Amino acid sequence: MDGVKENYWENKLSEFREASGKKGDRIGKWRKDVLEPWNSRTKYEDREYSNSSSIKIDEIYTSQDLRKNFEDKYLGLPGTYPFTRGIYPNMYRGKLWTMRMFSGFGTPEDTNKRLKYLIEHGESGLSIAFDMPTLYGYDCDNKRADGEVGRCGVNVSSLRDMEDILSGIDLGEVSTSMTINAPAAVLTAMYIAVAKKQGVPLDRISGTVQADILKEYIAQKEWIYPPEAHLRLIRDMMVYCTKNVPKWNYISISGYHIREAGSSAAQELAFTLADGFHYVDMGIDAGLDPAEFAPRLSFFFNSSINFFEEIAKLRAARRIWATVLREKYGVRNERSLYLRFHTQTSGYTLTWQQPLNNIVRTTIEAMAAVLGGTQSLHTNSYDEAWALPSEQAVKVALRTQQIIAEETGIPDTIDPLGGSYYLEWLTDRMEEEAFKYFSEIEKMGGILQAVKTGYIQKEIAATSYRRQIRIEQGKEVMVGVNKYAESNEKPINILRISRRAQKSQLSKLLSVKQERDEKKVMEALSELENALRNPEENSMPYIIRAVESYATLEEISNVGRNVFGGWKEPVLV
Amino acid sequence: MSGGMYLVDGKNLSLFKDKPIKVLLAKPGIDGHDRGVLVLAKAFRDAGMEVLYAGLLPTPEEVVDTAINEDVDVIALSLLNGAHLTVFRKISELLKKRGIDDIAVVGGGTIPDGDKPKLEKLGITGNYGPGTPLSTIVDHITARASEARSRKMQ
């Protein structure tokens, strides 16, 4: 960064200090004359109110809690900088959010059937979950994969599996989100290979891979190589796709997992955006123009149960991203300042006890996502604390979104809570908390360093433990768990994954290996190895070639394992 | 939290007077969901136990080796990826094969009710799901550790 912007984060923080909302005289007088006498008459018991981010909440907010020039400078109007009220001028009147239900289990054929089922029931975008072996770059025949094939998602060991997942689905017509990180370049290469086979030009396919490796080291812990190696592969994918697959969103910068791992809303916001800025720096270092590639970065947030805190977080995220890209990175093109995001309701808030209550929780969280201006949404199913969702539970979750969209009137007005004194004050606080972390992370030498030393992970673990203790002490309530609990919970019908998936994947992999041209595979893998050894080379074309030769996911990942080695995380406990 | 809050009547806590309960926490198999296991590590420590964490992705063999070398009382396994029947069973079989009967094995994670009796038959108890109070888990570990410690002393 250039010298002028050296103290950028500190300067931003001073904006909040100048404007730190002081309760004005009017509220002071009301408290003394009205509130306190009332409280003392009604034997009111005072306690401290705070949210997941440990922000203390007052009983009332007024215009005096907002910053000077707040409406012009920080709020704006929809589709205008700093996009607090939404990135599009007409928001959901123009286009509803995409109802994108994450699914994937068992064999590629099972998943193909579920995807087609969702398309029939009105889902507008595909989203694929992969099983653990796939996420870690192992084939279904690896010893470590035993018992895990097809359990948490669909298994992909070779291009043949991707062909089966997408069979009968026109890749020119759908957009597909793939939740894949460490092997994201390989799965992208497979998707490209299927499109080529279908005869769909690469500039017509659209989709998203998660490929946010920083949050893997922070939260989800699914990596293959050391951070620098994964970051290099992501850089290669960024450069390749910017040129060849212009509608491919190659990184979905994810707070979801950071939150599920136990962070607060403010930590989710701060660490996710800090990761985002790192990817921007990386693109710039690779010679790309941020105005050109920023639109290919999208975000993925959690929507948890503290309603206003979540809405504030999402609005703050939009404002921070636009402000920092413009002020710190000098991006001028407005469309490049849009923070587009997918939201998923919180899995952590779902309880194993009294599972039908989860439908209510998910509804509230989904409403927060919509009021926060999300572009797409996954609603969790009520049985997910038990197992992967059953078909019936998935349908209720999808219907929840359709009810919000088509019955409630919520999407009729843009940012309908904008201007609420409380929400605007809270949006400021979330933003301020994030800037505090940005400043701290910079002092530690950047997010990569903060992750490699375990600082971020420890911050999250501390928050998660604090919350657990508060629940144990009854200071935070989970209905049906630490309050209103019932004995004799009855089991519900859940989806059972049989070992059939593993058997069928094993025999398919065997036949792929028998049918392929072994010499071609060896050549492709050895060319890939040379490319990986040369940091200046873009590895993407080599990965595509390897995939097309039906080299397996593990064979391709093993080339990387040889070149880069593995990774052990810092000691956290 | 004070170290004493979990101590419950009916368990032979004098067994742990000179040497606290030693627990190996592990997530065997390929599963990175470590929120629960990290919370447990802190809770066990606050309850006065000595805690070892095997880190992510250890194989069943590595878990058993560490447990034996470190002479732990309890192996506490956590999996949220649905592979508990396969992976937990491997650990219990490995212990049996090596003739180890003074290390207790407990489990937890997203474990459907129907699987619990199968795990218990293998000697893997607890098998707690999300929303279980920490005190319940600590009590259970203490009870299993006291059985294991009694056998160590025989």
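All of the points below concern the structure found in this document. (Residues numbered from 1 in each chain as written. Chains lettered and ligands numbered in written order. Predicted model: local features only at pLDDT ≥ 70, side-chain atom pairs only at ≥ 80, totals over all residues. Heavy atoms only, no water.)

### A few points about the layout of surface pockets
All names here are of chain A.
Part 1 of the reasoning: There is about 850 Å³ of room inside the second largest pocket.
Part 2 of the reasoning: Taken together, 33 residues form the lining of the second largest pocket, with Ser52, Ile305, Asn306, Arg467 and Glu476 sitting closest to its centre.
Part 3 of the reasoning: Per-element tally for the lining of the second largest pocket: the top contributor is helix H19 (residues 455-472), with four residues.
Part 4 of the reasoning: Tallied by class, residues from the lining of the second largest pocket come to eight nonpolar, 13 polar and 12 charged. (1 Å grid on protein atoms, 1.4 Å probe; cavity = no way out; pocket = protein on both sides within 12 Å on 5 of 7 lines; lining within 4 Å. Points joined across faces, edges and corners; volume = space filled by probe spheres on them. Helix = DSSP H or I, 4+ residues; strand = E, 2+ residues; numbered from the N terminus. Nonpolar A, V, L, I, M, F, W, Y, C, P; charged D, E, K, R; others polar.)

### Focus on empty space enclosed by the protein
Residues and elements named next belong to chain A.
Part 1 of the reasoning: Tallying each qualifying case throughout the model produces five cavities of 30 Å³ or more.
Part 2 of the reasoning: In this structure, the largest cavity occupies an estimated 160 Å³ of space.
Part 3 of the reasoning: In terms of lining residues, the largest cavity is bounded by 19 residues, among which Ala182, Ala185, Val186, Tyr225 and Leu233 are the most central.
Part 4 of the reasoning: Elements with a minimum of two residues in the lining of the largest cavity: helix H8 (184-198), helix H10 (227-244), helix H21 (518-533) and helix H23 (553-564).
Part 5 of the reasoning: Here the lining of the largest cavity is built from residues that sort into 15 nonpolar, four polar and no charged.
Part 6 of the reasoning: Taken as a whole, the second largest cavity encloses approximately 100 Å³ of empty space.
Part 7 of the reasoning: Forming the boundary of the second largest cavity are 14 residues, of which Tyr92, Val370, Ile414, Asp415 and Pro416 lie nearest the centre.
Part 8 of the reasoning: The set of elements that each furnish at least two residues to the lining of the second largest cavity consists of helix H4 (91-94) and helix H15 (357-371).
Part 9 of the reasoning: Classifying every residue of the lining of the second largest cavity by side-chain character gives eight nonpolar, three polar and three charged.

### With respect to the pairing of strand E7 (residues 297-303) of chain A
All names here are of chain A.
Part 1 of the reasoning: With seven of seven residues buried, E7 is to be regarded as a mostly interior element.
Part 2 of the reasoning: Residues Leu297, Phe299, Phe301 and Ser303 line one face of E7 and the alternating positions Ser298, Phe300 and Asn302 line the opposite face, and both faces are buried.
Part 3 of the reasoning: Judged from the five bridges that link them, E7 and strand E8 (residues 341-345) form a sheet pairing that is parallel. Pairing of Ser303 across the sheet is with Thr345, part of E8.
Part 4 of the reasoning: This β-α-β element, E7 to helix H14 (residues 307-327) to E8, shows right-handed connectivity. (Buried < 20%, exposed > 50% of the residue type's maximum accessible area, 1.4 Å probe, protein only. Pairing = 2+ DSSP bridges. Right-handed = clockwise from strand over helix to strand, strands pointing away.)

### Quick notes on the pattern of salt bridges
When their charged atoms lie close together, side chains carrying opposite charge are able to pair.
All names here are of chain A.
Part 1 of the reasoning: Summed over all chains, the structure comprises 57 salt bridges over all chains.
Part 2 of the reasoning: Glu391 is paired through a salt bridge with Arg114; the nearest N and O atoms lie 3.7 Å apart. Residue Glu391 is located in helix H16 (residues 391-406), and its partner Arg114 is located in helix H5 (residues 108-120); the two are separated by 277 residues in the primary sequence.
Part 3 of the reasoning: Owing to a relative accessible area of 41%, Glu391 belongs among the partly exposed residues under this scheme.
Part 4 of the reasoning: For Arg235, the salt bridge is made with Asp236, and the minimal N-O distance between the two is 2.9 Å.
Part 5 of the reasoning: Through salt bridges with shared partners, a single ionic network connects Lys12, Glu15, Arg67, Arg319, Glu327, Asp428 and Glu431. (Salt bridge = Lys/Arg side-chain N within 4 Å of Asp/Glu carboxyl O.)

### Examining the nonpolar core
Part 1 of the reasoning: Counting residues in each nonpolar core, the largest one holds 188 residues, and the members touching the most others are A:Met178, A:Leu187, A:Phe438, A:Ile456, B:Phe44 and B:Ile141.
Part 2 of the reasoning: When neighbours within four sequence positions are excluded, A:Leu187 is seen to be in contact with A:Phe130, A:Val156, A:Met162, A:Met178, A:Ile180 and A:Leu553.
Part 3 of the reasoning: Core analysis: the next-biggest nonpolar cluster, separate from the first, contains 20 residues, B:Leu24, B:Ala83, B:Leu95 and B:Val105 among them. (Core = buried A, V, L, I, M, F, W, Y, C linked by side-chain atoms within 4.5 Å. Contact = heavy atoms within 4.5 Å.)

### Concerning the sheet that holds strand E1 (residues 98-99) of chain A
Residues and elements named next belong to chain A.
Part 1 of the reasoning: Strands sit in the order E1-E9-E8-E7-E6 across an open sheet of five strands; the sheet is parallel. Sheet topology places E1 and strand E6 (251-254) at the edges, where each strand pairs with a single neighbour.
Part 2 of the reasoning: Of the strands in this sheet, E7 and E8 touch H14, which is tilted by about 160° from E7. (Axes fitted to C-alpha atoms, helices over the stretch in contact; angles between N-to-C directions.)

### Focus: the interface of chain B and chain A
Part 1 of the reasoning: Taken residue by residue, the interface counts 38 residues in chain B and 43 residues in chain A.
Part 2 of the reasoning: Taken over both partners, the interface formed by chain B and chain A buries close to 3,200 Å², and the fraction arising from carbon and sulfur atoms is 56%.
Part 3 of the reasoning: Area buried by chain B at its contact with chain A is led by B:Ile30, B:Arg35 and B:Lys42, which between them contribute 24% of it.
Part 4 of the reasoning: Scanning the region where chain B abuts chain A turns up three salt bridges. (Buried area = accessible area lost by both parts, 1.4 Å probe.)

Keep in mind that these numbers describe shape and distance, not what the molecule does.
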